[in-house]
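# Results of the structural survey
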Amino acid sequence: MSDGWNPIRAYWMEASEANRKALRAFLSPETTVWQYTHGVSDTTLVSPDGFSLDNFYLARPGADEIQLDLFGDYKSNVAMYPEFQAYFRKHKPPFLAVWGKQRPLLLAGRGGRVQA
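Residues numbered from 1 in each chain as written. Predicted model: local features only at pLDDT ≥ 70, side-chain atom pairs only at ≥ 80, totals over all residues. Heavy atoms only, no water.

### Overview of the overall build of the chain
Of the regular secondary structure elements, the chain holds six helices and zero strands. From first element to last, N terminus to C terminus, the chain shows the α and β order α-α-α-α-α-α. With 116 residues in all, the chain has 19% of them scored as buried. Restricting to contacts in the chain with at least 6 residues of sequence separation, those with at least 24 account for 51%. As displayed, the chain has an accessible area near 8600 Å², and 59% of this comes from carbon and sulfur atoms. (Helix = DSSP H or I, 4+ residues; strand = E, 2+ residues; numbered from the N terminus. Buried < 20%, exposed > 50% of the residue type's maximum accessible area, 1.4 Å probe, protein only. Contact = heavy atoms within 4.5 Å. Areas by Shrake-Rupley, 256 points an atom, 1.4 Å probe, with all protein chains shown as cover.)

### With respect to the confidence of the model for the chain
Model confidence for the chain is summarised by a mean pLDDT of 88, while 86% of its residues fall at 70 or above. Within the chain, the element-level pLDDT minimum falls on helix α6 (residues 81-91), averaging 93, and the maximum on helix α4 (residues 48-58), averaging 97. With pLDDT under 50 throughout, residues 110-116 is counted as low confidence; its partners more than four residues away or in other chains account for ten contacts. (pLDDT = per-residue confidence, 0-100.)

### Focus: unusual backbone geometry
If you check the backbone angles, Lys92 has positive phi at about 45° while not being a glycine. Among the structural elements, Lys92 can be located in the segment after α6.

### Considering the packing of aromatic side chains
The relation between two aromatic rings is expressed through the spacing of the ring centres and the mutual angle of the planes. Under the counting rule described, the total for this entry stands at eight aromatic pairs. With a centroid separation of 5.8 Å and 70° between ring planes, the pair formed by Tyr87 and Phe88 is classed as edge-to-face. Phe88 sits in the partly exposed class, given a relative accessible area of 25%. By way of ring pairs, the aromatic residues Trp5, Trp12 and Tyr74 are connected into one cluster. (Phe/Tyr/Trp six-rings, centres within 6.5 Å; stacked < 30°, edge-to-face > 60°.)

### Considerations on the side chain of Ser16
Its place among the elements puts Ser16 in the loop between α1 (6-13) and α2 (17-22). Reaching out from Ser16, the side chain makes a polar contact with the backbone nitrogen of Asn19 at a distance of 3.1 Å. (Polar contact = N/O pair within 3.5 Å; in protein donor to acceptor, adjacent residues only side chain to side chain.)

### A word on helix α3 (residues 29-37)
Taken residue by residue, α3 has Thr31, Thr32 and Thr37 as its buried positions. Looking at the buried residues of α3, the elements they touch are α4. Within two residues after α3, Gly39 carries a phi angle of roughly 85°, on the positive side.

### A closer look at the environment of Glu30
Note on placement: Glu30 falls in helix α3. With 21 residues separating them along the chain, Glu30 and Phe51 place their C-alpha atoms 9.5 Å apart.

### Considering the packing of α1 against helix α5 (residues 63-79)
Contact geometry for α1 and α5: axes closest at 9 Å, N-to-C directions at 80°. If you check the angle between α1 and α5, you find them roughly perpendicular. Taking contact as the criterion, the partners of Ile8, Tyr11 and Trp12 in α1 are, on α5, Leu68, Phe71, Gly72, Tyr74, Lys75 and Val78. When grouped by side-chain class, the residues that make up the contact of α1 with α5 number seven nonpolar, one polar and one charged. (Axes fitted to C-alpha atoms, helices over the stretch in contact; angles between N-to-C directions. Parallel < 35°, antiparallel > 145°, perpendicular 65-115°, else oblique. Nonpolar A, V, L, I, M, F, W, Y, C, P; charged D, E, K, R; others polar.)

### Let's talk about the environment of Lys21
With respect to the helices and strands, Lys21 occurs in helix α2. Each C-alpha atom of the pair Lys21 and Tyr11 lies 9.5 Å from the other, and the pair is ten residues apart in sequence.

Here it is as structure tokens:
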């Protein structure tokens, strides 16, 4: 996980109101657009449909609190990574995970491939 996760990791370590408040920047409309356009050489090629719909749903009353709760709960998912990886190594199910090299929050393993 990249350094972009540091505010979320801080919240995992101490679920204080200050750390929760720091996560609100992840929910801003500008951040949502950035997630869709970061690293894109010509942002006019990115349809606004996706980020507009995301921002619409994020603007609903209470959606911000739900998202902040999910950021906190994601710690339990990360704790299970070794189990997920062991399953993939043992059973070798067909699996495809794809994202661009410009994705700052999602790091790939060697050679741009996900390491199971």
